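Reading the structure
Now for the letters of each chain:
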Amino acid sequence: MSKSEKMRYSRYVPSLFPLENYTTQLKKIMDEQPASLAQKTLEQLIQRERSISYEMIARFVPMETTAEMLTFLQAFIAEEKNGEDIITEDGENAVEKITMAFLERGKELINIGNCIIAAEIAFAIILAIEPELCLVYDEGWTYQMIIIDTFGFLNQIGNQQLSDNVFDSLSKTASQHFNSIPEEDRYYDDKWEEIISTFRNRSIH
């Protein structure tokens, strides 16, 4: 489906995503940290700038499922579009900050051995960004790099020393997510197939 065709069927409006529960959790997390001028300044920015709230929530507030993280990212993308079909380059950059915050948390999860949730973060990012690739300016270079980096993150998980059962679960989950993407929204079939194969091969060794 071309950009113009997709725009006829996709009319976006600001999401007005309810951040209250997440910001409450974020405040509790921040309250547990040593007080500092930097922390007080950040708290003021969070109250004033929704994009910063999204970024800090992505970085620090636990989310357990792909669906939750996907909804969170889709809401931010919708707000950045502000009712338009095409996101601006500034909007793409703002989305990148959120995805990078998610991946930073994902790296910490890998370090403590929680690769399942780390993979869920990556799947959510790809599922949110891939369908948007025809709704950007300049071929969406920023979005393309987000997806490439995120598949690279999944490959890092594929190189971990995990049990066969974990790799089998990751392979099945990756296949399910890939098959859930409508054909017209697919741009990285080769990357999906590569990571599914990587997880599957690691599950039988």
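Before any of the text, the structure's been laid out above.
With that settled, consider the environment of T99. In this structure, T99 sits in helix α6 (residues 89-111). Given the relative accessible area of 0%, T99 is considered buried. For the pair formed by T99 and R59, sequence separation is 40 residues and the distance between their alpha carbons is 9.0 Å. If sequence neighbours within four positions are ignored, T99 has contacts with L73, I125 and I146.

Now for the packing of aromatic side chains. Inspection of every chain in the model, using the stated rule, returns nine aromatic pairs. An angle of 85° between the planes, with centres 5.5 Å apart, marks the rings of F151 and W192 as edge-to-face. In this pair, F151 is assigned in helix α8 (residues 141-158) and W192 in helix α10 (residues 189-202), connecting sequence segments 41 residues apart. The exposure class assigned to F151 is buried, which follows from its relative accessible area of 2%. Each residue in the set Y22, Y54, F72, F76 and F102 is aromatic and connected to the rest through ring pairs, giving one cluster. When the ring centre of F178 is taken as origin, the NZ or CZ atom of R186, which lies over that ring, is 4.1 Å away.

The rules behind these values
Residues numbered from 1 in each chain as written. Predicted model: local features only at pLDDT ≥ 70, side-chain atom pairs only at ≥ 80, totals over all residues. Heavy atoms only, no water. Helix = DSSP H or I, 4+ residues; strand = E, 2+ residues; numbered from the N terminus. Buried < 20%, exposed > 50% of the residue type's maximum accessible area, 1.4 Å probe, protein only. Contact = heavy atoms within 4.5 Å. Phe/Tyr/Trp six-rings, centres within 6.5 Å; stacked < 30°, edge-to-face > 60°. Lys NZ or Arg CZ within 6 Å of the ring centre and 35° of its normal.

In short, shape yes, function no, at least from these values alone.
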